[in-house]
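One letter stands for each residue in the lines below.
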Amino acid sequence: MKHIQIDHLNFELFIDYEQIKKRIRLMGIDISVKYADKNPVFVGVLNGCFMFMADLMKQVHVPCEVSFVKLASYQGTQQDQIQELLGVGMDLTGREIIIVEDIIDSGNSLQHTIAALEKLNVASIAVCSLLMKPDCLQHAFDNITYVGFEIEKEFVVGYGLDYNGQCRNLPDIYKNIPAVGE
Ligand code: 5GP
Ligand code: MG
């Protein structure tokens, strides 16, 4: 399937599953070498990370643990957004953390995730994201160590990433293209 349409938006095949798997294999080797004796905890940020996490973990060949969190945002008393990390479910004190993300766009949500984990007295935090849009980043990070693919400022779906809740189940990644006549 080269083209798909959702709610009148057009998408074309962008990164197929074979390419994704090849890249993840290399990322897994890299992580396995660096974390050989560190028993890291992979912390996946739901929902988008679920497919990436499943494939990544099959390529990590060192002892490790896996956990998932969700960022919940609600309005605070001062009209500002409060971001709470839900579901950690284990003691992360002194642990080597690898945050697993589907995509980093502005970096806003990643910044909240990192801030929340830092409060838990972890030993270290590295970030592993399947996709990143460098031109969209609005924060400076020094710990985005593993990136699958750097992409342009474009909207992508598939392989865990959704549009209006749809498309997370697609094995390949698609990018939005202008409709004919636009
Ligand atoms: P950020 O906080 O870095 O701006 O955005 C992070 C979140 O926005 C991602 O976890 C994802 O849910 C959503 N997002 C950003 N770019 C895209 C995209 O191209 N496609 C989809 N489906 N979601 C995106
Ligand atoms: Mg995400």
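Refer to the structure above for everything that follows.
Predicted model only: the values in this text are computed from it and were never measured.

Criteria and thresholds
- Residues numbered from 1 in each chain as written.
- Chains lettered and ligands numbered in written order.
- Predicted model: local features only at pLDDT ≥ 70, side-chain atom pairs only at ≥ 80, totals over all residues.
- Heavy atoms only, no water.
- Patch = residues over 30% accessible without salt bridge, like charges linked within 9 Å, V, L, I, M, F, W, Y side chains within 5 Å.
- Areas by Shrake-Rupley, 256 points an atom, 1.4 Å probe, with all protein chains shown as cover.
- Salt bridge = Lys/Arg side-chain N within 4 Å of Asp/Glu carboxyl O.
- Helix = DSSP H or I, 4+ residues; strand = E, 2+ residues; numbered from the N terminus.
- Near = heavy atom within 4 Å.
- Polar contact = N/O pair within 3.5 Å; in protein donor to acceptor, adjacent residues only side chain to side chain.
- Buried < 20%, exposed > 50% of the residue type's maximum accessible area, 1.4 Å probe, protein only.
- Contact = heavy atoms within 4.5 Å.
- Core = buried A, V, L, I, M, F, W, Y, C linked by side-chain atoms within 4.5 Å.
- Donors = N, O, S within 2.8 Å, 3.2 Å for Na, K, Ca; no water.

Caption draft 1: Here's a closer look at a nonpolar patch on the surface. A surface patch of nonpolar side chains, amounting to about 300 Å² of accessible area, comprises Leu 46, Phe 50, Val 66 and Phe 68. Structurally, Phe 68 can be placed in strand β4 (residues 65-75).

Caption draft 2: Quick peek at the site of ligand 1. Around ligand 1 there are 14 residues in total, and Asp 105, Ser 106, Gly 107, Val 156 and Asp 162 lie nearest to it. Within the backbone of Ser 109, a nitrogen or oxygen atom sits 2.9 Å from an oxygen atom of ligand 1. Look at ligand 1: alone it shows 510 Å² of surface, and the protein chains cover 77% of it. Listed by contribution, the elements that provide at least two residues to the shell around ligand 1 are β6 (96-104) and α3 (108-118). Top contributing element to the shell around ligand 1 by residue count: β6, with 3 residues.

Caption draft 3: Representation of the side chain of Ser 106 within the structure. With respect to the helices and strands, the residue Ser 106 is situated in the loop between β6 and α3. For Ser 106, a relative accessible area of 16% translates into the label buried. A distance of 3.1 Å separates a polar side-chain atom of Ser 106 from the backbone nitrogen of Asn 108. When residues no more than four places from it in sequence are discounted, the contact partners of Ser 106 are Cys 136, Leu 137, Gln 138 and His 139.

Caption draft 4: Layout of unusual backbone geometry. In this structure, the amide linkage connecting Leu 46 to the following residue, Asn 47, adopts the cis form with an omega of 5°. The residue Asn 47 is located in the loop between β3 (41-45) and α2 (50-57) in this model. For Asp 7, which is not glycine, the phi torsion reads 45° and is therefore positive. If you trace the backbone, Asp 7 turns up in the loop between β1 (3-6) and β2 (9-15). Look at Cys 167: it is not a glycine, yet its phi comes out positive at around 80°. Secondary-structure assignment places Cys 167 in the loop between β9 (156-157) and β10 (173-177). By relative accessible area, which is 9% here, Cys 167 ends up buried.

Caption draft 5: Broad picture of the nonpolar core. Ranked by size, the top nonpolar core spans 29 residues in total, and within it Ile 31, Phe 42, Phe 52, Leu 56, Leu 130 and Leu 131 carry the most contacts. Elements that contribute at least two residues to this core include exactly α1 (17-34), α2, β6, β7 (124-132) and β8 (144-150). In terms of residue count, α2 provides more of this core than any other element does, 5 residues in total. With sequence-adjacent residues up to four places away left out, Ile 31 is seen in contact with Phe 42, Leu 56, Val 60, Ile 98, Cys 128 and Tyr 146. By size, the runner-up hydrophobic cluster in this structure holds 19 residues, among which are Val 43, Leu 85, Ile 114 and Ala 116.

Caption draft 6: Just the coordination of the magnesium ion (ligand 2), in detail. All of the protein donors around the magnesium ion (ligand 2) are Glu 101 (OE) and Asp 102 (OD); their distances to the metal are 2.3 to 2.4 Å. The class of Glu 101 is buried, set by a relative accessible area of 4%. A relative accessible area of 13% places Asp 102 in the buried class.

Caption draft 7: The arrangement of the pattern of salt bridges in detail. Scanning all chains against the criterion turns up 7 salt bridges. The partner of Glu 154 in a salt bridge is Lys 175, with the nearest N and O atoms 3.7 Å apart. With a gap of 21 residues between them, Glu 154 in the loop between β8 and β9 and Lys 175 in strand β10 connect regions that are remote in the sequence. Take Glu 154: its relative accessible area is 15%, and that puts it in the buried class.

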